[in-house]
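Observations on the three-dimensional arrangement
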Amino acid sequence: MSTSHLSEIAIKWSPQVDEEFILVGNSVNFYRLTSINNSFKNWNENNIFVSESTCARLIGSINSYSKQKMISWHPFTNLNSIALFENESSQIRIIRMLDLEEVRSLDVGMAKKCNQIEWSPKNQSYLGLGFEQNDNCSSVCIWDLSQPNNNPSRQLNETGSCLSLAWSYETSDCLFASFENRLSLFDLRAGGDPIESLKTDYIYGFCIDPKGIFKAASFYQNQIALWDLRDYKEPVDFIEESRPIKSIQFCPSRTNRLAVLTENSPNVNVFRLEEREDKLIKEKIQYYKYYKSSFVINSFSWHSK
């Protein structure tokens, strides 16, 4: 998930290639980590020095209008591509990362503001977007890229802005979406109406643990709600931070690891969530602290390993 101002830059690690990542700001810049040597190419001003022995080499850029951009890496290893959407645009661009070529364009319809863009982790053809409320338009649209039609294959029936969206890791046809006062579960096999809906304040940043598929989290102000998706009538527990929360992410490679970034903070906190004797133990196991305490972290991304 990412929502950022134009002055901020978001980072997205590739889920397939260990050394590759993207920085998303006014442009989309594609980098590959490489060892530093004495050759001139490592000292290009566009490269980023990561350590004394490693730099991130700029491979290519996608430049366009200075509008907020949302991207999602395709999670399947045979499809090294991203979905790119610029806010107030009417198209989603599918970009092949091998040569940064646009291989397909999907129609959104009316220009909209997007809050979330996510590929399904179970079906390589499904792409979901959550939008701000727009008159006479659904705020959750699903594209099926196995179909030749570039229009949404499904428009889900919910009112209000979609604030976050997460596909189920258990089945390819189910996804969760949060709205202005509720969290809803959809099954695409059952049509466009939610099969369950729960009133809650914890409607931001909803995400599911990829390695612990029944664990989920979302936040409101300075509190994180922890959910058990087998019975999510109410949160099973909470994590409270001293500052308003900016973003949360589960680790893609290890279960029970939740990273938390708060507003105006130089730290990213990581919590281990363990079930012991029918109790959920929340242990802060590590954090990253920016070496200059006067600086703040705007975004973070888990490495795929």
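Residues numbered from 1 in each chain as written. Predicted model: local features only at pLDDT ≥ 70, side-chain atom pairs only at ≥ 80, totals over all residues. Heavy atoms only, no water.

Remarks on the side chain of R104
One can find R104 in strand β9 (residues 101-112). Among the polar contacts listed, one links the side chain of R104 to the backbone oxygen of L145, at a separation of 2.8 Å. Excluding its chain neighbours within four sequence positions, the residues that come into contact with R104 are I92, R93, I94, L145, Q147, P148, N149 and N150. (Helix = DSSP H or I, 4+ residues; strand = E, 2+ residues; numbered from the N terminus. Polar contact = N/O pair within 3.5 Å; in protein donor to acceptor, adjacent residues only side chain to side chain. Contact = heavy atoms within 4.5 Å.)

A closer look at the sheet that holds β9
One open sheet accounts for four strands, arranged β6-β7-β8-β9; its pairing is antiparallel. Each edge of the open sheet carries a strand with a single partner, namely β6 (69-73) and β9. Sheet twist, expressed as the mean angle between neighbouring strand axes with direction ignored, is 20 degrees. Pairing of β6 with strand β7 (residues 81-86) involves five bridges; the strand directions are antiparallel. Directly across from S72, in β7, lies its bridge partner A83. (Pairing = 2+ DSSP bridges. Axes fitted to C-alpha atoms, helices over the stretch in contact; angles between N-to-C directions.)

Regarding unusual backbone geometry
The phi dihedral of L100 falls on the positive side, at around 60 degrees, and the residue is not glycine. Backbone geometry places N264, a non-glycine residue, at a positive phi of 55 degrees. For N264, the position within the fold is in the loop between β23 (257-262) and β24 (267-276).

Things to note about the sheet that holds strand β4 (residues 48-49)
One open sheet holds the five strands; their spatial order is β1-β2-β3-β5-β4, and the pairing between them is antiparallel. Strands with a single pairing partner mark the edges of an open sheet, and in this sheet they are β1 (10-13) and β4. Bridge analysis of strand β3 (residues 27-35) against strand β5 (residues 54-63) gives nine bridges, and the strand direction is antiparallel. Residue pairing across strands places N29 opposite S61, the latter belonging to β5.

Re the environment of E277
Tracing the sequence through the fold places E277 in the loop between β24 and β25 (279-289). With relative accessibility at 78%, the residue E277 sits in the exposed group. With 198 residues separating them in the primary sequence, E277 and L79 have C-alpha atoms 42 Å apart. (Buried < 20%, exposed > 50% of the residue type's maximum accessible area, 1.4 Å probe, protein only.)

Remarks on the pattern of salt bridges
Across all of its chains, the model carries 11 salt bridges by this definition. Among the charged side chains, a network of salt bridges with common partners joins D173, D187 and R189. (Salt bridge = Lys/Arg side-chain N within 4 Å of Asp/Glu carboxyl O.)

Here we look at the environment of A111
With respect to the helices and strands, the residue A111 is situated in strand β9. Taking the relative accessible area as the measure of exposure, A111 reaches 36% and is therefore partly exposed. When the C-alpha atoms of A111 and Y232 are compared, they prove to be 34 Å apart, with 121 residues separating the residues in sequence. Ignoring sequence-local partners within four residues, the contact set of A111 consists of E88, S89, S90 and N134.

Thoughts on the confidence of the model for the chain
Confidence in the prediction of the chain, expressed as mean pLDDT, is 89, and 92% of residues score 70 or more. No element of the chain has a lower mean pLDDT than β25, at 77, and none a higher one than strand β18 (residues 204-208), at 98. In the predicted structure, residues 1-6 sits below a pLDDT of 50 and forms 15 contacts with residues beyond four places in sequence or in another chain. (pLDDT = per-residue confidence, 0-100.)

Observations regarding the pairing of strand β15 (residues 174-178)
Buried residues dominate β15, accounting for five of its five residues. Along β15, one buried face is formed by C174, F176 and S178 and the opposite face, lined by L175 and A177, is buried too. Across four bridges, the pairing between strand β14 (residues 164-167) and β15 is antiparallel. Bridged to L165 within β15 is A177. Adjacent in sequence and paired antiparallel, β14 and β15 are bridged by six residues. Relative to strand β16 (residues 182-187), β15 runs antiparallel, the two sharing five bridges. Paired with A177 across the bridge in β16 is S184. Connecting β15 to the next strand, β16, in antiparallel fashion are three residues.

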